[in-house]
Amino acid sequence: MQQEIKKHFVEHFQKEGQMYASAGRINLIGEHTDYNGGFVFPGAIDKGMIAMISLNGTDKVRAYSVDLDDYTEFGFNEEDAPAQSWARYIFGVCREIIKRSGNVLKGFDTAFAGDVPLGAGMSSSAALESTYAFALNDIFELNIDKFELAKIGQATEHNYCGVKCGIMDQFASIFGKEGHLMRLDCRSMEFEYFPFDPKGYKVVLLDSVVKHELASSAYNRRRESCENVCNVMRENGYPKVEFLRDANLDMLEAVKDKITEEDYCRAKYVIEEVQRVLDVCDALNAGDYETVGEKMYQTHAGMSKLYEVSCQELDFLNDIARECGVTGSRVMGGGFGGCTINLVKEELYENFLNVAKVRFTEKFGHEPKIYPVVISNGARKL
Ligand code: ADP
Ligand code: MG
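Residues numbered from 1 in each chain as written. Chains lettered and ligands numbered in written order. Predicted model: local features only at pLDDT ≥ 70, side-chain atom pairs only at ≥ 80, totals over all residues. Heavy atoms only, no water.

Draft legend 1. A look at the domain arrangement of the protein chain. Under the domain assignment used here, the protein chain contains domain 1 (2–195) and domain 2 (201–372). When each unit is reduced to the centre of its C-alpha atoms, the spacing between domain 1 and domain 2 is 28 Å. Counting residues at the interface gives 27 residues for domain 1, matched by 39 residues for domain 2. Summed over both sides, the interface between domain 1 and domain 2 buries roughly 2800 Å², with carbon and sulfur atoms accounting for 65% of that surface. Our enumeration of links across domain 1 and domain 2 arrives at four salt bridges. The residue Arg245 makes a salt bridge to Asp185 at a minimum N-O spacing of 3.0 Å. Listed by contribution, the elements that provide at least two residues to the side of domain 1 that touches domain 2 are β1 (18–27), β3 (42–55), β7 (180–185) and β8 (191–195). Taken together, the residues of the side of domain 1 that touches domain 2 break down into twelve nonpolar, eight polar and seven charged. (Domains from an automatic or database assignment. Contact = heavy atoms within 4.5 Å. Buried area = accessible area lost by both parts, 1.4 Å probe. Salt bridge = Lys/Arg side-chain N within 4 Å of Asp/Glu carboxyl O. Helix = DSSP H or I, 4+ residues; strand = E, 2+ residues; numbered from the N terminus. Nonpolar A, V, L, I, M, F, W, Y, C, P; charged D, E, K, R; others polar.)

Right, here's the structure in full:
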């Protein structure tokens, strides 16, 4: 990919530049915990974005997308926003840097390409933002700390791309480290690296290639349920429950007759999921990947039966994983489609993929897409 980008850069701009890269991400466990003040557990992957950049002596950015074979130019003022969505990520990063640091940017030429599948749940957009946030910080010697670089990516999505996302994707893409996952506390924003080096296992995503329409309205209703239960807990003897992260199952039982059955199930899932992330951390410290896998299955069951954000395609993939002896499997991301993430013993890997392809195609008429991933470094200069 590097050679390809360099070739296109030279073709367009008749010179060479400096290369930077960043990564997509997975989340091993900790789903729907972010807005409940809990933990997520992401890591950067070996699929990412690479950009070549060189100053051009003007006050404009000249940008070429290798993958889309598309070129555009834009200035740094708010009214200069480019029409192409891919370019708005770069423009947004520039604008967010300027909002924080003043008029510190100068015109540059850039070409970029990536191998994070778009919209498959590995956050190609965060890889794109993080590459440019990291690169521009380095080139213009801005000394912006890494957490702020992640926030620049997040603010780009909010303000220039119309996506009100959390911080996890950009965080993982910026801070990712080979052989490590990161437990991020979504309330305090503190984080810790945990070793993830599952020798004898592979991590593979199976993309159902479906996205059910329900997703965003259902997401909002789940958030409401969580807030309802927190409110009821606060009014009934637990004034310190700011988020469900502060609750435990005993507290939930104590308010059970004051909430709906549905809200009870939603809250039970979240409380258990927050604890599962902590359990996985202990298991990783002990190198116990079998326990990690069991927790992944528990998450899937919770997301399917209690939180009700799975769908038949994802449940089907999860069932096949169980049947094939896969160590851990669960829906990754918000639900209603997208991928399952699977932790598979190497000797079972080929069989699992074959069975999943055949059986899924029989039932749903198309193959799942298969993405093996390795936990790798995040944003960096090449
Ligand atoms: P994801 O879940 O993968 O982040 P998004 O819809 O948030 O999906 O972001 C995908 C968008 O990011 C694309 O529509 C495009 O604008 C941009 N993008 C991602 N990868 C590339 C790429 N390799 N080349 C150009 N643009 C890309
Ligand atoms: Mg995205």
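Draft legend 2. Local environment of the side chain of Glu31. Topologically, Glu31 is positioned in the loop between β1 and β2 (39–40). A polar atom in the side chain of Glu31 sits 3.0 Å from the backbone nitrogen of Gly333. The contacts of Glu31, once residues within four sequence positions are left out, are Tyr269, Glu273, Met303, Arg330, Val331, Met332, Gly333 and Gly334. (Polar contact = N/O pair within 3.5 Å; in protein donor to acceptor, adjacent residues only side chain to side chain.)

Draft legend 3. Main features of the pattern of salt bridges. Taken as a whole, this structure holds 23 salt bridges when the rule is applied. Beyond isolated ion pairs, a larger network of salt bridges with shared partners links Glu96, Lys99, Arg100 and Glu148.

Draft legend 4. Summary view of the sheet that holds strand β13 (residues 380–381). Strands sit in the order β5-β4-β6-β3-β1-β13 across an open sheet of six strands; the sheet is mixed. What marks the edges here is a single partner per strand, and that holds for β5 (70–74) and β13. The strands touched by helix α3 (residues 124–139) are β1, β3, β6 (108–114) and β13; relative to β1, the strand with the most contacts, the crossing angle is about 145°. Those strands touched by helix α5 (residues 168–175) are β1 and β3, and its axis lies near 130° from that of β1. (Pairing = 2+ DSSP bridges. Axes fitted to C-alpha atoms, helices over the stretch in contact; angles between N-to-C directions.)

Draft legend 5. The packing of aromatic side chains, seen in detail. What the rule picks out here adds up to 21 aromatic pairs. A centroid spacing of 6.4 Å and a plane angle of 55° characterise the contact between Phe316 and Phe360, whose relative ring orientation is tilted. Residue Phe316 is located in helix α10 (residues 312–323), and its partner Phe360 is located in helix α11 (residues 346–364); the two are separated by 44 residues in the primary sequence. The ring of Tyr193 is capped by Lys177, whose NZ or CZ atom sits 4.2 Å from the centre of that ring. For Lys256, the ring lying beneath its charged end belongs to Tyr264, and the centroid distance is 4.4 Å. (Phe/Tyr/Trp six-rings, centres within 6.5 Å; stacked < 30°, edge-to-face > 60°. Lys NZ or Arg CZ within 6 Å of the ring centre and 35° of its normal.)

Draft legend 6. Here's a closer look at the site of ligand 1. Around ligand 1, 16 residues are found, and the nearest of them are Asp67, Gly119, Ser123, Ser124 and Ser125. At 3.5 Å from an oxygen atom of ligand 1 is found a side-chain nitrogen or oxygen belonging to Ser85. Take Ser124: an N or O atom from its side chain is 2.7 Å from an oxygen atom of ligand 1. Expressed as a share of its isolated accessible area of 570 Å², the protein-covered part of ligand 1 is 78%. Contributing elements (two or more residues each) for the shell around ligand 1: α2 (85–101), β6 and α3. (Near = heavy atom within 4 Å. Areas by Shrake-Rupley, 256 points an atom, 1.4 Å probe, with all protein chains shown as cover.)

Draft legend 7. Geometry of a negative patch on the surface. There is a patch of like negative charges on the surface, built from Glu4, Asp46, Asp67 and Asp115. Here Glu4 lies in helix α1 (residues 2–13). (Patch = residues over 30% accessible without salt bridge, like charges linked within 9 Å, V, L, I, M, F, W, Y side chains within 5 Å. Lys, Arg positive; Asp, Glu negative; His and termini not counted. Charge placed at Lys NZ, Arg CZ, Asp CG, Glu CD.)

Draft legend 8. Just the sheet that holds β7, in detail. Read from one edge of the open sheet, three strands run β2-β7-β8, paired in antiparallel fashion. Strands at the two margins of the open sheet, each flanked by one partner only, are β2 and β8. Of the pairings in the sheet, the one linking β2 to β7 comprises two bridges and is antiparallel in character. Of the residues in β7, the one forming a bridge with Val40 is Leu184.

Draft legend 9. Region of the structure containing the packing of helix α9 (residues 289–306) against α10. For the pair α9 and α10, the least separation of the axes is 11 Å and the interaxial angle reads 150°. In terms of their interaxial angle, α9 and α10 are classed as roughly antiparallel. Handedness of the crossing formed by α9 with α10: left-handed. Between α9 and α10, the residues in contact are Glu294, Tyr297, His300 and Ser304 and Leu314, Asp315, Asn318, Ala321 and Arg322, respectively. (Parallel < 35°, antiparallel > 145°, perpendicular 65-115°, else oblique. Left-handed = near helix turned anticlockwise from the far one by under 90°.)

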